[in-house]
Amino acid sequence: MPCGDDWLNHPLGVVQGFFAQNGLNSDWEKKVTEYFKEKLKESNATKWVPSLNDVPLHYLKPNSFVKFRCMVQDMFDPEFYMGVYETVDPNTKARVLHFGKYRDIAECGPQQEVDLNSAQTTTLERQTFYCVPVPGESAWVKESYVSASQARVSPSTSYTPSRHKRSYEDDEDMDLHPSKQKDQHTGLRHTGKVGDLHGYGEPKRLETEASAGQHLNSPNCTPPLDLNFPLPGEKGPACLVKVYENWDCFKVNDIIEVYGILSVDPVLSILNNEERDSSLLDPMECMDTLEEQRVHSPPASLVPRIHVILAQKLQHINPLLPAFLKEEENKSCKFISGFMSELSPVRAELLGFLTHALLGDSLAAEYLILHLISTVYTRRDVLPLGKFTVNLSGCPRNSTFTEHIYQIIQHLVPASFRLQMTIENMNLLKLIPHKDYTANRLVSGILQLSNNTSLVIDETHLEQGQLDTPGVHNVTALGNLITWQKVDYDFNYHQMEFPCNINVLITSEGRSLLPSDCQVHLQPQIIPPNMEEYMSSLLTAVLPSVLNKFRIYLTLLRLLDYSISDEITKAVEEDFVEMRKNDPQSITADDLHRLLVVARFLSLSAGQTTLSRERWLRAKQLESLRKTRLQQQKCVNGNEL
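Residues numbered from 1 in each chain as written. Predicted model: local features only at pLDDT ≥ 70, side-chain atom pairs only at ≥ 80, totals over all residues. Heavy atoms only, no water.

## Examining unusual backbone geometry
Trans is the prevailing form of peptide bonds, just as negative phi is the prevailing case for residues other than glycine. Quick note on the threshold: Under the DSSP-based scheme used, a helix requires at least four consecutive residues in state H or I and a strand at least two consecutive residues in state E, with every element numbered from the N terminus. Relative accessibility decides the category of a residue: with a 1.4 Å probe and only protein chains considered, values under 20% of the type maximum give buried, values over 50% give exposed, and everything between is partly exposed.
A positive phi angle, near 60°, is found at Gln-111, a position not held by glycine. Tracing the backbone shows Gln-111 in the loop between β3 (95-99) and β4 (113-114). Relative accessible area serves as the criterion here: at 59%, Gln-111 is assigned to the exposed category.

Right under this line is the structure:
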């Protein structure tokens with residue numbers, strides 16, 4: 001463990017030391033940041049910091065140093081706080097300077113009062129982010145982070161939860177890193193039922209607060225707080241993250257990791273309850289509605305505060321890779337070069353694994369690999385380049401096949417979600433986030449996902465029916481997400497575009513109702529008598545070490561740069577002209593664009609960061625096989641797929 005643990009257990013004491021040494025000189029704030037930055041560079045230091053993602057809140061000491069891996073779900077208005085304030089003893093007139101940074105409540109010594117009229121008082125500004133766990137984060141990601149943690153925590157005796165007793169999970173029989181956690185995290189999602197959203201409307205919100213609110217059913221009590229998670233069935237804490245500097249670097253839906261001081265002072269809940277007492281409010285003085293106060297100042301036992309000392313955007317959330325791969329660090333360079341040297345056998349094994357999962361269809365497996373490593377690498381005007389939405393048609397109708405395919409994808413990617421496209425779901429689900437002006441917050445929707453989330457849309461249960469107005473809006477939103485990689489959030493009087501980078505895989509019987517970049521018709525070579533048993537044996541047969549290589553492979557290749565040399569560019573142009581000359585109808589500009597995308601990810605899948613003649617010819621071969629298969633299926637069915 002890093003020498004001395006005062007910075008972990010009593011970070012405010014460290015801050016106080018720097019403040020006492022430097023007084024009103026603002027250098028003390030920079031010194032605090034540098035101190036903790038250097039501490040976290042020590043060997044395994046980040047693993048000693050308890051994480052709110054995997055440690056129950058009541059195991060954490062108030063005002064201790066913690067971390068949190070999360071998505072910025074909403075940004076509240078900036079708030080003012082006393083950066084420096086002075087207290088005075090009414091009897092002795094002795095004055096003491098205090099810092100207000102990293103605190104919610106101004107602290108006073110015995111027999112002291114805050115002097116609000118002191119000339120030493122400085123008012124500063126901080127930004128509050130409402131953060132939630134990464135939506136759809138896979139169970140293997142959570143488990144890897146938990147197993148890597150070396151944090152030493154035990155139930156806190158100095159923190160007594162208020163009436164919102166549960167922090168975020170039912171953990172009565174939970175040990176420090178309990179096995180029960182696995183069951184809870186796998187719960188709804190790993191049964192494959194996450195996408196089985198039958199009849200979900202507004203009550204789609206997670207039941208995390210249900211246990212917290214079981215004893216709040218009195219008619220005089222306010223309803224349980226909605227933690228505003230984008231996906232149903234999510235577990236974990238929501239946090240108010242207080243950022244003191246460089247908050248302009250972050251935006252809604254960013255995945256960030258924050259290190260800071262945990263604030264769960266019960267006084268916050270008392271103050272908030274008093275503020276909501278209408279008898280204490282002067283309507284002329286209070287501009288906030290009661291609902292806004294309730295949402296923006298929830299009980300600290302349910303929504304803790306983190307006062308950020310260090311915060312960083314995450315390139316990815318795969319715990320098997322170094323956090324930042326594009327930085328010129330020896331560790332990252334060694335990791336990349338080491339893995340790239342064994343890339344070819346990993347790709348071959350992954351292709352074999354996915355071929356078995358797709359019932360012996362190696363062509364569909366090739367395209368699935370390209371899809372899983374695809375990412376939007378830039379935008380030209382409004383056109384997102386690099387997106388590769390695949391429509392896997394030919395899937396058995398009303399079968400468990402698509403559910404099992406999703407479960408396999410879950411085991412490979414860090415974050416995913418399965419959406420069953422039925423008439424009922426389209427009419428009832430809240431896909432699009434919208435602004436609630438009464439509570440002054442962004443109400444989440446299912447499409448509020450972080451970048452590089454795998455979204456599997458299952459059309460195999462779609463029946464005939466009538467879409468109502470919300471249903472039409474939802475289908476339109478899915479189409480815009482696929483085509484433009486954006487979601488238009490509803491701000492009542494206008495819509496606001498939020499760019500995204502979400503991998504969409506559509507499974508369907510015939511051609512999808514939604515747009516796609518590439519349709520691949522499934523041609524099963526084997527029909528297992530028991531699909532459940534077949535798919536389960538597939539996952540069981542793969543060694544954990546091999547599965548981890550697949551996970552590293554898919555994440556790493558998304559982050560690699562890619563280029564096409566002038567020589568190859570010229571060769572591709574000449575090839576295109578030649579193909580058009582032989583048969584003008586055989587290839588269009590859209591076909592060429594798709595060919596280039598396939599060639600890009602085909603090259604990257606082999607660990608090549610530039611396009612070669614060999615990969616270009618292989619891309620043409622794959623596209624020819626795919627189109628031939630579609631044409632054959634069209635002839636068989638007598639209608640267009």
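## Considering helix α2 (residues 11-22)
We count it as follows: In this analysis, the expected span of each helix is defined as 1.5 Å times one less than the number of residues it contains. The arc in question is the one spanned by the directions pointing from the helix axis to the C-beta atoms. What makes two residues a contact is simply this: any of their non-hydrogen atoms within 4.5 Å.
In this model α2 runs 17 Å from its N-terminal to its C-terminal C-alpha over twelve residues, within 8% of the 16 Å that 1.5 Å per residue would give. Of all the residues in α2, the buried ones are Pro-11, Leu-12, Val-14, Val-15, Phe-18, Phe-19 and Asn-22. The arc that holds every buried residue of α2, seen down its axis, measures 155°, which confines them to one face. Exposed residues lying more than 90 degrees from the buried face of α2 are Ala-20 and Gln-21. The elements touched by buried residues of α2 are α1 (6-9), α3 (27-41), β1 (65-75), β2 (79-88), β3 and β7 (255-263). Gly-23 sits one or two positions beyond α2 and adopts a positive phi of about 60°.

## A word on the pattern of salt bridges
Selection rule: Put simply, a salt bridge is a Lys or Arg side-chain nitrogen that is within 4 Å of an Asp or Glu carboxyl oxygen.
Tallied over the entire structure, the rule returns 33 salt bridges. Asp-254 is the salt-bridge partner of Lys-313, the closest N and O atoms lying 3.5 Å from each other. With Lys-313 in strand β8 (residues 305-313) and Asp-254 in the loop between β6 (239-243) and β7, the pair connects residues that are 59 residues apart, well separated along the chain. Its relative accessible area of 9% is what places Asp-254 among the buried residues.

## Observations concerning the packing of helix α11 (residues 343-357) against helix α17 (residues 544-558)
We count it as follows: The axes are straight lines fitted to the C-alpha atoms, using for helices just the contacting stretch, and the angles between their N-to-C directions are given from 0 to 180°. Here the word oblique covers every angle except those under 35 degrees (roughly parallel), over 145 (roughly antiparallel) and from 65 to 115 (roughly perpendicular). Gly is placed with the polar residues, together with every amino acid not listed as nonpolar (Ala, Val, Leu, Ile, Met, Phe, Trp, Tyr, Cys and Pro) or charged (Asp, Glu, Lys and Arg).
At their nearest, the axes of α11 and α17 sit 10 Å apart, and the two run at 105° to each other. The angle between α11 and α17 falls in the class roughly perpendicular. Side by side, α11 and α17 meet where Leu-343, Val-346, Arg-347, Glu-349, Leu-350 and Phe-353 of the first sit next to Val-546, Lys-549, Phe-550, Tyr-553, Leu-554 and Leu-557 of the second. By residue class, the composition of the contact of α11 with α17 is nine nonpolar, no polar and three charged.

## Brief notes about the pairing of β3
We apply this condition: Two strands form a pair only when DSSP identifies at least two bridges running between them.
Relative to β3, β2 runs antiparallel, the two sharing five bridges. Directly across from Tyr-85, in β3, lies its bridge partner His-98. Linkage of β2 to β3, two consecutive antiparallel strands, is achieved through a turn of six residues, within which Lys-93 is found at a positive phi near 65°.

## Some details on the packing of aromatic side chains
Rule in force here: For Phe, Tyr and Trp, where Trp contributes only its six-membered ring, two rings pair if their centres lie within 6.5 Å, and the inter-plane angle classes them as stacked under 30 degrees, edge-to-face over 60, or tilted in between. For a lysine, the NZ atom is tested; for an arginine, the CZ atom; a charge sits over a ring if that atom is within 6 Å of the ring centre and within 35 degrees of the ring normal.
Within this structure, the stated rule accounts for 17 aromatic pairs. Taken together, a centroid distance of 5.2 Å and an interplanar angle of 70° make the contact between Tyr-102 and Tyr-244 edge-to-face. Of this pair, Tyr-102 sits in the loop between β3 and β4 while Tyr-244 sits in the loop between β6 and β7; the two residues are 142 residues apart in sequence, bridging distant segments of the chain. Looking at Tyr-102, the relative accessible area reads 2%, which means it is buried. Taking relative accessible area as the criterion, Tyr-244 reaches 9% and is therefore assigned buried. Here a set of aromatic residues connected by ring pairs shows up, and it is made of Trp-7, Phe-18, Tyr-35, Phe-36, Phe-65 and Tyr-259. Above the plane of the ring of Phe-99 lies Arg-103, whose end atom (NZ or CZ) is 4.2 Å from the centre. The lysine or arginine in question, Arg-600, covers the ring of Tyr-377, its NZ or CZ lying 3.5 Å from the ring centre.

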